[in-house]
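# Report on the structure
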Amino acid sequence: SAGAVSLFTKDVRTMADEQVFLVLRDSVSGVAVFEEGPDAEPRGLVFERRAEEEWSVRAGAEAPELGAPADAGRAADVLNALLDLSFATWLGPEEVEGAERRGTVQLLSELGEEWEIEVGPSMTLGGIEGFAVRRAGESLWGFVTEDPLAAAAETPRDYLERRPFQ
C-alpha cells in the first residue's frame, strides 16, 4: 500500500521515539549515574530500591551492602528527571564525530533488565545549551537540554535520608 511505502521512505530521525528511556517508572529498581573524565576514574552514584518508596544510595565503586538509606524524595527526583528526558532533536554524524563520552546512566530492573544511555559532550544548538545522548547499542545521537549526569556531581552524603533527632 502507499502508506507502507511512505513509512519506509521517511528519515529514521522522524520515526525514532523522543523519550530517552523507554521504561515504566515502577519497573526501575536501580539507577547508576557515572561520570567519566580523561584525568580521573569514573565517579558516580548508585541508587537501589529497597521497598516501594525506600531507596539506598552509595558511591558507584562501593559494594552494594555499603548502601545507606537515601532520602526517598531526592532519589525519586533523580529517577523522575531521567525518565522525563526527551530528545529535542536528532544529531547528524558530523555533529558528534570524535566526541568524547562524558559518562553513562543505567536504569535497572529486579528482573535483570538494563536500559543504558551514553552521554556525550555539552553543545549549543540554535542558541540552546544541551548534551549529546544516545541509547546504548544505537548509532543515532540526540540532543537533550537537561544534563543526565547532574546527579554524579554530588556525593552519596548529599542524598542521605534526613532523620529527626530521637
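Higher on the page you've got the structure.
This part is about the overall build of the chain. In terms of helices and strands, the chain carries four helices and nine strands. Sequence-ordered secondary structure for the chain, helices as α and strands as β, is α-α-β-β-β-β-α-β-α-β-β-β-β. With 166 residues in all, the chain has 37% of them scored as buried. Of all intrachain contacts in the chain linking residues separated by at least 6 positions in sequence, the fraction that spans at least 24 positions is 55%.

What follows covers the packing of aromatic side chains. Applying the stated criterion across every chain, the model contains two aromatic pairs. When the centroid spacing of 5.1 Å and the interplanar angle of 85° are considered together, the rings of Phe47 and Tyr159 count as edge-to-face. One end of the pair, Phe47, is in strand β2 (residues 40-51); the other, Tyr159, is in the segment after β9 (141-144), and 112 residues separate them in sequence. For the pair formed by Phe47 and Tyr159, the shared burial category is buried. Seen from their ring centres, Phe87 and Trp90 are 4.4 Å apart, and the 40° between their planes marks the pair as tilted. Accessibility classification places Phe87 together with Trp90 in one group, the buried group. When the ring centre of Tyr159 is taken as reference, the NZ or CZ atom of Arg74 above it lies at 4.2 Å.

The terminal C-alpha atoms of helix α3 (residues 72-83) lie 16 Å apart, and with 12 residues this matches the ideal 16 Å at 1.5 Å per residue to within 8%. When we look at burial in α3, the residues that qualify are Ala75, Ala76, Val78, Leu79, Leu82 and Leu83. Across the axial projection of α3, the buried residues extend over an arc of 155°, all falling on one side. The backbone nitrogen of Gly73 lies 3.0 Å from a side-chain oxygen of the residue at the head of α3, namely Asp71.

Turning next to the side chain of Thr104. In this structure, Thr104 sits in strand β6 (residues 103-108). Filtering out sequence-adjacent residues up to four positions away, Thr104 remains in contact with Ala32, Val33, Phe34, Glu36, Glu116, Ile117 and Leu149.

The next subject is the pairing of strand β8 (residues 128-135). Walk down a regular strand and you will see the side chains alternate between the two sheet faces. Pairing of strand β7 (residues 114-125) with β8 involves seven bridges; the strand directions are antiparallel. Note that in β8 the partner of Glu118 across the bridge is Arg134. From the end of β7 to the start of β8, which pair antiparallel, there are two residues, and Gly126 there has a positive phi angle of about 55°. Pairing geometry for β8 and β9, over three bridges, is antiparallel. Looking at β9, one finds that Phe131 is bridged to Val144. Hairpin geometry of β8 and β9 is characterised by an intervening segment of five residues between the two adjacent antiparallel strands and by a positive phi of about 85° at Gly137.

Counting 31 residues, the largest nonpolar core has Val20, Phe21, Val31, Phe47, Leu82, Val105 and Leu107 as its most contacted members. In terms of residues, this core owes the most to one element, α3, which gives five residues. Among residues more than four places away in sequence, those in contact with Leu107 are Phe21, Val23, Val28, Gly30, Val31, Leu79, Leu82, Leu83, Glu113, Glu114 and Trp115. Leu91, Ala132, Trp141 and Phe143 belong to the second largest nonpolar core, which has six residues in total.

About the cut-offs
- Residues numbered from 1 in each chain as written.
- Predicted model: local features only at pLDDT ≥ 70, side-chain atom pairs only at ≥ 80, totals over all residues.
- Heavy atoms only, no water.
- Helix = DSSP H or I, 4+ residues; strand = E, 2+ residues; numbered from the N terminus.
- Buried < 20%, exposed > 50% of the residue type's maximum accessible area, 1.4 Å probe, protein only.
- Contact = heavy atoms within 4.5 Å.
- Phe/Tyr/Trp six-rings, centres within 6.5 Å; stacked < 30°, edge-to-face > 60°.
- Lys NZ or Arg CZ within 6 Å of the ring centre and 35° of its normal.
- Expected span 1.5 Å × (residues − 1).
- Arc of directions from axis to C-beta.
- Polar contact = N/O pair within 3.5 Å; in protein donor to acceptor, adjacent residues only side chain to side chain.
- Pairing = 2+ DSSP bridges.
- Core = buried A, V, L, I, M, F, W, Y, C linked by side-chain atoms within 4.5 Å.

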